[in-house]
Amino acid sequence: MELLQFDFLRHALAAGILASIACGVVGSYVVIKRIVFISGGISHTAYGGIGLGYFLGINPILGAVFFTVISALGMGVLAERTRQREDTLIGIIWAVGMALGVIFVKLSPGYTSDLMSYLFGNILAVPFQDLILISILDAIIVAVVWFYFEELKAVAFDEEFAQVAGISTRLFNLLLLLLIALTVVVMIRAVGIILVIALMSIPPAIAGQSSKSLKGMMVLAIILGIVFNSGGIFLSYFFDLPSGATIILLAAAGFIISTASRQRFG
Amino acid sequence: MDRMDREERKKVIEIENLLVKLDGRTVLEEVNLSVYEKDFLGIIGPNGGGKTTLLKTILGLVTAEAGTIKIMGEKMKKNRGQVAYVPQYAAFDRSFPVNVWEVVLMGRLGSKRGRSYSELDQEIAREVLKRVEMYELRHRPIGELSGGEIQRVLVARALAGRPEILLLDEPTASIDSRFQAGFYELLEELNREMTLILVSHDISAISVYVKTLACLNCKLYYQHSKELSPEMIEKGYQCPVELIAHGVPHRVLAAHDGVVGS
């Protein structure tokens, strides 16, 4: 474990653990509620925020928070107020967010060197400042879910009944979209905007194959996320591979093995 | 039951001139309905006749274009827990990681304070689970239950909210016919304490257990009794073929009157 003497590796592992916590908790809701593609849409709009960050000369991650939150709220409100089909709205918001990012980056002065790391992740180069920021976001996510666990579960299970029972499903659906927005930001440093959708869905999907409770599913998804992130970090370090892609492929391999073994024995 | 008896009882649901449109299409029109305390109303009608929409409008899930709905004499704005709902169980994902106990507790969502369910909520959940004879299976994941067991859990979930009126939407659609009789017996027992409205397209099954019948096909045909005249069915279904197979419709229904009546 001499490797852990390196600051960058310690930061990478910490970022991996933080990302795993957010994705295990929020990703479980995303998977059981079947809104993986809404999450994909929200994550891609983060590119607009990254571009805005470059343009204004602020931390691109802050720009990403702004854009994902706005797009999550926009998606929730638009889906309800307009008569458009939801998947059409997702597609439009997805592309508009990216298009804005492309324009902002083009207009930005100077050299936008680590743009690729925001798109595909570079967990081996997470600045300490970003680690603090994603810790705060993680704490917010966990606190909100801890407090509203039952409501979010009930709305995911049977929205109509939850409304009849007297809770505002509109509010909790919007809350879940906001949690997704924050989770996306937490994961951008690890796997990048484009690959976020995989890390948000694969660990909960594997966990869901054997979990009998939502709580159990979340805990198992967090553990799996930590395994995939840490494994990916070491593989990418030793074989000099891009970290984000390595983490995702490792997770995908885990998903295939888990699914195949259940097909045979389950 | 005679008309005098009914007038002494409280009106629990009063619907006047209800008009409901979904995506611009008229689904319910000129619906007038009075449901009295401890009624057991069966609503039949063809698929797409607006049965589920009527229940959802009573629950406040669908907004009416015109007309009024009064629940317990008060104009309905938002469901305040007096009305509970048992959906067609196909409505949710059976692979959802949740067990019987958790599902039943969801019936207490409206009265839950703070982050977890109170001791009282859990006490009520125990009570209603015993009532539907599912307490022993409380730790069972929902995906491992049979159709009949799921239906009992959904009834328990609805009862957990301590409702005065229970709406059931095709509750036996996915139950094995062997268990249907037992399920209807449970409903008869519940009917001693609360008002029931049951929606079904299966006239022969429900006509044995309900006290009154109505036929819904956009408009509601209802005469406060268990008998449907051939005209009502003709208007309601616009296609009486299915019923002719059972004989003359009003005679089939009238034959049960003495058995369950009052």
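Residues numbered from 1 in each chain as written. Chains lettered and ligands numbered in written order. Predicted model: local features only at pLDDT ≥ 70, side-chain atom pairs only at ≥ 80, totals over all residues. Heavy atoms only, no water.

Comments concerning the environment of Ile21(A)
Residue and element names in this part refer to chain A.
At step 1: Of note, Ile21 is situated in helix H1 (residues 7-32).
At step 2: Once the C-alpha coordinates of Ile21 and Val96 are considered, the two residues, 75 residues apart in sequence, prove to be 29 Å apart.
At step 3: Leaving out residues up to four positions away in the same chain, Ile21 has contacts with Asp138, Val142 and Ile222. (Helix = DSSP H or I, 4+ residues; strand = E, 2+ residues; numbered from the N terminus. Contact = heavy atoms within 4.5 Å.)

Overview of the sheet that holds strand E4 (residues 66-71) of chain B
All names here are of chain B.
At step 1: Taken in spatial order, the four strands line up as E2-E1-E4-E5 in an open sheet, and their pairing is antiparallel. In the strand order of this sheet, the two ends are held by strand E2 (25-36) and strand E5 (74-75), each with one partner.
At step 2: With eight bridges joining them, strand E1 (residues 11-22) and E2 adopt antiparallel strand pairing. Bridging from a neighbouring strand, Leu22 pairs with Arg25 of E2.
At step 3: Packing of helix H2 (residues 51-59) onto the sheet brings it into contact with E1, E2 and E4, and relative to E1 it is tilted by some 115°. (Pairing = 2+ DSSP bridges. Axes fitted to C-alpha atoms, helices over the stretch in contact; angles between N-to-C directions.)

Here's the deal with the layout of surface pockets
At step 1: Approximately 440 Å³ is the volume attributed to the second largest pocket.
At step 2: Lining the second largest pocket we find 21 residues, and of these Gly208(A), Gln209(A), Ser211(A), Ser95(B) and Phe96(B) sit closest to its centre.
At step 3: Among the secondary structure elements, those contributing two or more residues to the lining of the second largest pocket are H1 and helix H9 (196-210) of chain A.
At step 4: Across the lining of the second largest pocket, the residue classes tally to nine nonpolar, six polar and six charged. (1 Å grid on protein atoms, 1.4 Å probe; cavity = no way out; pocket = protein on both sides within 12 Å on 5 of 7 lines; lining within 4 Å. Points joined across faces, edges and corners; volume = space filled by probe spheres on them. Nonpolar A, V, L, I, M, F, W, Y, C, P; charged D, E, K, R; others polar.)

Some words on the interface of chain A and chain B
At step 1: On the side of chain B, 29 residues touch chain A, which itself brings 25 residues to the contact.
At step 2: Buried area between chain A and chain B, both sides added, is near 2600 Å², and the carbon and sulfur share of it is 63%.
At step 3: Area buried by chain A at its contact with chain B is led by Phe157(A), Phe161(A) and Val164(A), which between them contribute 30% of it.
At step 4: Between Glu102(B) and Lys153(A) there is a salt bridge, and its shortest N-O distance comes to 2.5 Å.
At step 5: Mapped by element, the contributors of at least two residues to the side of chain A that touches chain B are helix H6 (128-157), helix H7 (159-164) and helix H10 (214-239) of chain A.
At step 6: At eight residues, H6(A) tops the list of elements feeding residues into the side of chain A that touches chain B. (Buried area = accessible area lost by both parts, 1.4 Å probe. Salt bridge = Lys/Arg side-chain N within 4 Å of Asp/Glu carboxyl O.)

Observations concerning the pattern of salt bridges
At step 1: According to the stated counting rule, one finds 17 salt bridges over all chains in the structure shown.
At step 2: For Glu160(A), the salt bridge identified is with Lys56(B), shortest N-O distance 2.8 Å. Taken together, the positions of Glu160(A) in helix H7 and Lys56(B) in helix H2 put the pair across two chains.
At step 3: By sharing partners, the salt bridges in this structure join Glu150(A), Lys153(A) and Glu102(B) into a single network.

Details of the nonpolar core
At step 1: Among the nonpolar cores identified, the biggest contains 135 residues, and Ile180(A) and Leu166(B) are the most heavily contacted of them.
At step 2: Of the residues forming this core, the biggest block, 15 residues, is contributed by helix H8 (residues 169-191) of chain A.
At step 3: Excluding its chain neighbours within four sequence positions, the residues that come into contact with Leu166(B) are Ala84(B), Tyr85(B), Val86(B), Ala158(B), Leu159(B), Leu190(B), Met194(B), Thr195(B), Leu196(B) and Ile197(B). (Core = buried A, V, L, I, M, F, W, Y, C linked by side-chain atoms within 4.5 Å. Buried < 20%, exposed > 50% of the residue type's maximum accessible area, 1.4 Å probe, protein only.)

Examining the packing of aromatic side chains
Geometry of an aromatic ring pair is reported as the spacing of the ring centres plus the angle between the planes.
At step 1: Counted by the stated rule, this structure contains 11 aromatic pairs over all chains.
At step 2: Geometrically, the ring pair formed by Phe147(A) and Tyr148(A) is edge-to-face, given 5.1 Å between the ring centres and 85° between the ring planes.
At step 3: In this structure Tyr148(A) comes out as partly exposed when scored by relative accessible area, which is 31%.
At step 4: Summarising the aromatic geometry, the rings of Phe183(B) and Tyr184(B) are spaced 6.4 Å apart at their centres and angled 65° between planes, so their arrangement reads as edge-to-face.
At step 5: Aromatic ring contacts, followed pair by pair, group Phe6(A), Phe8(A), Tyr237(A) and Phe238(A) into a single cluster.
At step 6: A cation over an aromatic ring shows up here: Lys215(A) above the ring of Phe149(A), its NZ or CZ 5.3 Å from the ring centre. (Phe/Tyr/Trp six-rings, centres within 6.5 Å; stacked < 30°, edge-to-face > 60°. Lys NZ or Arg CZ within 6 Å of the ring centre and 35° of its normal.)

Remarks on the pairing of strand E8 (residues 195-199) of chain B
Residue and element names in this part refer to chain B.
At step 1: Counting buried positions along E8 gives five out of five residues, so the element sits mostly inside the fold.
At step 2: In E8, alternate side chains face the same way, and those of Thr195, Ile197 and Val199 on one face and Leu196 and Leu198 on the other are all buried.
At step 3: Pairing of strand E3 (residues 40-44) with E8 involves four bridges; the strand directions are parallel. When the bridges of E8 are listed, Gly42 appears paired with Leu198.
At step 4: By the bridge criterion, five bridges tie strand E7 (residues 165-169) to E8 in an arrangement that is parallel. Residue pairing for E8: Ile165 is matched across the bridge by Thr195.

Regarding the confidence of the model for chain B
Residue and element names in this part refer to chain B.
At step 1: Put simply, chain B has an average pLDDT of 79, and 77% of its residues get 70 or more.
At step 2: Per-element averaging of pLDDT across chain B places helix H9 (residues 241-244) at the bottom with 34 and helix H3 (residues 100-105) at the top with 96.
At step 3: In the predicted structure, residues 239-262 sits below a pLDDT of 50 and forms 31 contacts with residues beyond four places in sequence or in another chain.
At step 4: Predicted complex metrics record ipTM = 0.87 and pTM = 0.87. (pLDDT = per-residue confidence, 0-100.)

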